[in-house]
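Remarks on the overall topology
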Amino acid sequence: MARTASEVFNLAKRGELWAGHLIPNHTKEGGAGTANTATASGARLENRTPIDNSLIGYIAAGTAADIDAAVKAARASFEAGTWSQLAPAERKRVILKWVDLLHAHHEELAALDCIDAGKPISECMNTDMPATIDTFAWYAEAIDKCFGKISPTGPDALGLIVREPIGVVGAVLPWNFPAQMYAWKVAPALAAGNSVVVKPAELTSLSAYRMTELAHEAGIPPEVLTLVTGDGESAGEPLGRHADVDMVSFTGSTEVGRLFLKYAAESNLKEIVLECGGKSPQIVFDDATLDDHLVDNILAAAFWNMGENCSCGSRLIVHQSIKDTLITKLIAALANWKVGLPTDAEVKIGPMVEAAHFMKVQSFLHSAREQGAKLVHGGRTFPELGSGWYIEPTIFDNVKPDSRLFQEEVFGPILAITGFETEEQALKLANDSNYGLAASLYTQNVNRARRVASRIRAGTVSINGFSEGDISTPFGGYRQSGFGGRDNGLEALDQYQQIKTIWYVGG
């Protein structure tokens, strides 16, 4: 039965929210069941909400043994064809049944992400969960409409180019968009016919656990979609190193992304798809229309989800002639960005996800001043509010290109503003980064828009608005923002499939 948001919040207050492993277990009668285990040793981790740092429950502390059990189940199911050999239309039917269940549990799942990650409930309800459900529906509908090819041979041969599921897929998820990133990985991987082992972030495992339960209820075999909770060292690394995993799709920090490349190199050279950090520029040219649309989009890019977003538009590069006017408009519009407990539907800025991350983001407030930036708005923290891990939307002007705030990913609600005089200077500033995930630009000159968009080194460039595209467009980055594949679009299916040539010689 689906729970309401209030019921979820009450369970959290009582410390009764649980996320364990979902690994198939065999009964004495020989049938397959699903075990929600707390590991063989019974080890578990406390799960605290960033809202007020109170204990909301526990998650199972996964180990290499748990990962091995999940991978063995996944491999057996893949080789048996339990899911991989189903007709695409049949996989579609089951996933669409799952979609129906996700719709029915929409409010419950939104509340789980709110309480687990500190995300504003309005965002979870109105943005994250609709996008999550749409992702599953989109890939379900896409999978029976993808075709192979026939090569242009002579009359004495037939060349078939076919796509096959890659095998056992590990999906390692971040904490900032728990439900949505689950969908970005799991939906195309399952649609393509793979068996999937999910390792959610230890900070935010609740919605992944619940969605996996609903998947099994819909008819996806438990051995085809397994889940192991736990921290990165104890569960994530064993998944990355496991010799029977064919690929890992990872979203998270660039630092941890490097580790997965190492794990693959030191094990079976499994394929690795990385979607890592970002330091996305927003360029505003002097002919841009400084209206509410522009202001709202700039603020959304910078502060949506508390800036805990890899495509966050954290660098605002503005023509000097309009910079002061734009800053005034941004500050005025921030009056509508309420900081507070994310269970309040009016709140747009909740807490940082944990104390360590709060301290990291807070350090940028200090270093920005020390390196000569001018604080023009914000900068306050709220020790009296809940956990105390709350930072108001903050804007620094005159940020130097060689400063820490300009170069490093903050992953918090801090916007760095830097002025420019020429288009070439704007492009140089935009590309002055180790990252290349996303960018935005604002201009009324169509030729300039095309020209600048083509020269920005980023995976997604939006013009006259902030956007990551939609489910139909591939999402991923250049340089240290990641490589190996893309989330979203039909392109996402490519990374979960092998291309095989079948060459038939007539005679």
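What you see is a predicted model; the values in this text were computed from it and never measured.

Overview of the overall build of the protein
Secondary structure summary: the protein contains 16 helices and 20 strands in total. The globule rule puts the C-alpha radius of gyration for 507 residues at 23 Å, and the 23 Å found for the protein is close to it. Overall, the protein is about 70 × 70 × 40 Å in size when its C-alpha atoms are taken along their principal axes. In the protein, which comprises 507 residues, the share counted as buried stands at 57%.

So, the nonpolar core
Of all hydrophobic cores here, the largest spans 66 residues; its most connected members are Trp-98, Phe-136, Tyr-182 and Leu-225. In terms of residues, this core owes the most to one element, helix 6 (residues 178-191), which gives eight residues. With 54 residues, the next largest nonpolar core counts Leu-316, Leu-334, Leu-429 and Ala-439 among its residues.

Some words on the sheet that holds strand 5 (residues 55-60)
One open sheet holds the three strands; their spatial order is 1-5-4, and the pairing between them is mixed. The open sheet has two edge strands with one neighbour each: strand 1 (17-19) and strand 4 (44-48). Ignoring which end each strand starts from, the neighbouring axes of this sheet average 25° apart. Sheet topology note: the strand 4/strand 5 ladder contains five bridges and is antiparallel. Among the inter-strand pairings, Arg-44 is bridged to a residue of strand 5, identified as Ala-60. The sheet contacts of helix 7 (residues 206-218) involve strand 1, strand 4 and strand 5, and relative to strand 1 the element is tilted by about 70°.

Let's talk about a nonpolar patch on the surface
Together, Ile-150, Leu-158 and Tyr-504 make up a nonpolar patch on the protein surface, roughly 330 Å² of accessible area in all. For Tyr-504, the position within the fold is in strand 20 (residues 497-505).

A few points about the layout of surface pockets
What the largest pocket holds in volume is close to 970 Å³. Surrounding the largest pocket, 38 residues form its lining, Trp-175, Phe-250, Gly-252, Ser-253 and Val-256 being those nearest its centre. Residue assignment for the lining of the largest pocket shows that the elements contributing at least two residues are helix 8 (232-241), strand 11 (247-251), helix 9 (254-265) and helix 12 (355-370). The leading source of residues in the lining of the largest pocket is helix 9, at six residues. Of the residues assigned to the lining of the largest pocket, the class counts are 17 nonpolar, eleven polar and ten charged.

A closer look at the side chain of Lys-199
Relative to the assigned elements, Lys-199 resides in strand 9 (residues 195-199). In terms of polar contacts, Lys-199 uses its side chain to reach the backbone carbonyl oxygen of Gly-230, at 2.9 Å. For Lys-199, the contacting residues outside a window of four places in its chain are Ala-171, Val-172, Leu-173, Val-228, Gly-230, Asp-231, Gly-232, Ala-235, Gly-236 and Leu-239.

Here we look at the state of the cysteines
Applying the stated criterion to the full structure yields zero disulfides. Left unpaired, Cys-124 is separated from the closest cysteine sulfur, that of Cys-114, by 5.4 Å. In this structure Cys-124 comes out as buried when scored by relative accessible area, which is 1%.

Considering the confidence of the model for the protein
Taken over all residues, the pLDDT of the protein has a mean of 95, while the share at 70 or more is 97%. Here residues 26-32 is modelled with pLDDT under 50, and outside its nearest four sequence neighbours on either side it reaches four contacts, counting other chains as well.

Regarding the sheet that holds strand 9
Within a sheet, neighbouring strands are paired by backbone hydrogen bonds and run either parallel or antiparallel to one another. As summarised here, the arrangement of the five strands in space is 10-9-8-11-12, forming an open sheet in which the pairing is parallel. Bordering the open sheet on either side are strand 10 (225-227) and strand 12 (271-275), each of which pairs with just one other strand. Each strand of the sheet is rotated relative to its neighbour by a mean of 15°, with strand direction disregarded. Relative to strand 9, helix 2 (residues 64-80) is tilted by about 160°, and along the sheet it contacts strand 8 (168-172), strand 9 and strand 10. Of the strands in this sheet, strand 8, strand 9 and strand 11 touch helix 8, which is tilted by about 155° from strand 9.

Details of helix 8
Among the residues of helix 8, Ala-235, Gly-236, Pro-238, Leu-239 and Gly-240 are the ones counted as buried. Taken together, the buried residues of helix 8 touch helix 2, strand 8, strand 9, strand 11 and helix 9. Here helix 8 starts with a cap whose side-chain oxygen sits 3.4 Å from the backbone nitrogen of Glu-233, and that cap is Asp-231.

Observations regarding the pairing of strand 14 (residues 315-319)
Here strand 14 lies mainly inside the structure; five of its five residues are buried. Judged by which residues are buried, strand 14 turns out to be covered on both faces: Arg-315, Ile-317 and His-319 on one side and Leu-316 and Val-318 on the other are all buried. Handedness of the crossover joining strand 13 (residues 281-284) and strand 14 through helix 10 (residues 292-303) is recorded here as right-handed. Sheet analysis places strand 14 next to strand 17 (residues 414-420), joined by five bridges and oriented parallel. Within strand 17, the residue paired with Arg-315 across the bridge is Ala-416.

Comments concerning unusual backbone geometry
Not every positive phi belongs to a glycine, and Asn-53 is a case in point at roughly 65°. Topologically, Asn-53 is positioned in the loop between strand 4 and strand 5. For Asn-305, which is not a glycine, the phi torsion comes out positive at approximately 60°. Here Asn-305 shows up in the loop between helix 10 and strand 14. Look at Asn-305 and you get buried, because its relative accessible area is 3%.

Rules of the game
The numbering scheme is per chain: residues are counted from 1 as the chain's sequence reads. Whole-chain, interface and lining totals are the exception, using all residues; otherwise, since this is a predicted model, local features are given only for residues with pLDDT of at least 70 and side-chain atom pairs are given and counted only at 80 or more. Note: side-chain values were computed over all heavy atoms of the structure, leaving out hydrogens and water. Strands are runs of DSSP state E lasting at least two residues, helices are runs of H or I lasting at least four, and both sets are numbered from the N terminus onward. Just to be clear, the radius of gyration here is over C-alpha atoms, and the globule rule we use is 2.2 Å times residues to the power 0.38. Only protein chains enter the accessibility calculation, which uses a 1.4 Å probe. A residue is then buried if its area is under 20% of the maximum for its type, exposed if over 50%, and partly exposed in between. In this description, a nonpolar core means a group of buried Ala, Val, Leu, Ile, Met, Phe, Trp, Tyr and Cys residues linked to one another through side-chain atoms lying within 4.5 Å. One bridge is not enough; two strands pair if DSSP finds at least two bridges between them. A fitted line through C-alpha atoms serves as each axis, taken over the contacting stretch for helices, and the angle formed by two N-to-C directions is quoted from 0 to 180°. Any pair of residues with heavy atoms lying within 4.5 Å of one another is described as a contacting pair. Patches were defined on residues exceeding 30% relative accessible area and lacking a salt bridge, with like-charge contacts within 9 Å and nonpolar side-chain contacts (Val, Leu, Ile, Met, Phe, Trp, Tyr) within 5 Å. Each accessible area is a Shrake-Rupley result for a 1.4 Å probe, and residues are judged covered by the shown protein chains and nothing else. We count a salt bridge whenever a side-chain nitrogen from Lys or Arg sits within 4 Å of a carboxyl oxygen from Asp or Glu. Here a cavity is any set of points on a 1 Å grid over the protein atoms alone where a 1.4 Å probe fits but cannot get out, and a pocket is any open set with protein on both sides within 12 Å along at least 5 of 7 lines; a residue lines the site when it has an atom within 4 Å of a point. Grid points are joined across faces, edges and corners, and a volume is the space filled by probe spheres set on the points. For this scheme, ten residues count as nonpolar: Ala, Val, Leu, Ile, Met, Phe, Trp, Tyr, Cys and Pro. Four count as charged, namely Asp, Glu, Lys and Arg, and the remainder, Gly too, count as polar. As used in this structure description, the phrase polar contact means that two N or O atoms lie within 3.5 Å; if the pair is within protein, one of them must be able to donate a hydrogen and the other to accept it, and residues adjacent in sequence are counted only when both atoms belong to side chains. Cysteine sulfur atoms that come within 2.5 Å of each other are treated as a disulfide pair. The pLDDT value tells you how sure the predictor is about a given residue, anywhere from 0 up to 100. For the handedness criterion, the strands are oriented away from the viewer, and a crossover whose path from the first strand over the helix to the second runs clockwise is classed as right-handed.

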